[in-house]
Amino acid sequence: RKVVARRQERRDCHAGGARRAPGAMSRRAWATLGASCAFTACTVVYVHWAQENDRVTMHRNVVLDIEREQAEKALLQATGASPQDAPAECESGICDLKSSRMKG
């Protein structure tokens, strides 16, 4: 029996020290799992933030486009020009406000 006990001690020593219960995780495994979970959570949070930021930016750009079109319409009305009098490159009859200011 003593010989068997010594052999078992050697196996335990070579296996990394104290005997673990079946299915127990090492500290390195726990650290890897924790780091993976933290990385995944950060990725999900960033993607949601980026989507919300893109949605707000797109809405702001739509509002700016509407304001620019209204300003161009007001400029055309102030000058007495009709949309039909607009240059040929303006298909909708509304040109870029900057180019309208430079020409007139």
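Residues numbered from 1 in each chain as written. Predicted model: local features only at pLDDT ≥ 70, side-chain atom pairs only at ≥ 80, totals over all residues. Heavy atoms only, no water.

### Considerations on the overall build of the protein
Filter applied, for reference: Helix numbering and strand numbering both begin at the N terminus, where a helix is a DSSP run of H or I of at least 4 residues and a strand a DSSP run of E of at least 2. Burial classification: accessible surface area is computed with a 1.4 Å probe over protein chains only, and a residue below 20% of its type maximum counts as buried, one above 50% as exposed, and the rest as partly exposed. What sets the accessible areas is the Shrake-Rupley method with a 1.4 Å probe; for residues, cover comes only from the shown protein chains.
Within the protein, the regular secondary structure consists of three helices and zero strands. Helices (α) and strands (β) of the protein occur, in sequence order from the N terminus, as α-α-α. Taking all 104 residues of the protein together, the buried fraction comes to 9%. For the protein, the accessible area works out to roughly 9,400 Å², and carbon and sulfur atoms hold 58% of it.

### Considering the pattern of salt bridges
Quick reminder of the rule: Note on definitions: salt bridges are taken to be side-chain nitrogens of Lys or Arg within 4 Å of carboxyl oxygens of Asp or Glu.
Evaluation of the coordinates by the stated rule reveals three salt bridges. Residues glutamate 52 and arginine 55 are paired through a salt bridge, measuring 2.7 Å at the closest nitrogen-oxygen approach. A residue pair is termed a helical-turn pair when its members lie 3 or 4 positions apart in one helix, as glutamate 52 and arginine 55 do in helix H2 (residues 27–79) at three residues. Overall, the relative accessible area of 49% leaves arginine 55 in the partly exposed class. Residues arginine 68 and aspartate 65 are paired through a salt bridge, measuring 3.2 Å at the closest nitrogen-oxygen approach. In this pair, arginine 68 and aspartate 65 are both assigned in helix H2, three residues apart and thus about one turn of the helix distant. For arginine 68, a relative accessible area of 38% puts it in the partly exposed group. The exposure class of aspartate 65 is partly exposed, given its relative accessible area of 33%.

### Section: the confidence of the model for the protein
Selection criterion: Each residue carries a pLDDT score, the predictor's confidence in it, ranging from 0 to 100.
Here the protein averages 77 in pLDDT, while 56% of its residues score no lower than 70. Averaged over each element, pLDDT in the protein is lowest for helix H3 (residues 97–103) (51) and highest for H2 (94).

### Observations regarding the packing of aromatic side chains
Defined as follows: Classification of ring pairs uses Phe, Tyr and Trp, with its six-membered ring standing for Trp, and accepts pairs whose centres are within 6.5 Å; under 30 degrees between planes counts as stacked, over 60 as edge-to-face, and the remaining range as tilted.
Under the definition given, this model contains one aromatic pair. For the ring pair tyrosine 46 and tryptophan 49, a centre distance of 5.9 Å and an interplane angle of 35° mean the geometry is tilted. Residue tyrosine 46 and its partner tryptophan 49 are both found in helix H2; the two are separated by three residues, about one turn of the helix.

### Considering a nonpolar patch on the surface
The following threshold applies: Only residues whose relative accessible area exceeds 30% and that take part in no salt bridge are eligible for patches, with like-charged residues grouped when within 9 Å of each other and nonpolar side chains (Val, Leu, Ile, Met, Phe, Trp, Tyr) grouped when within 5 Å.
Residues Met25, Trp30 and Leu33 make up a contiguous nonpolar surface patch of roughly 300 Å² in combined accessible area. Looking at the element boundaries, methionine 25 is found in the loop between helix H1 (2–14) and H2.

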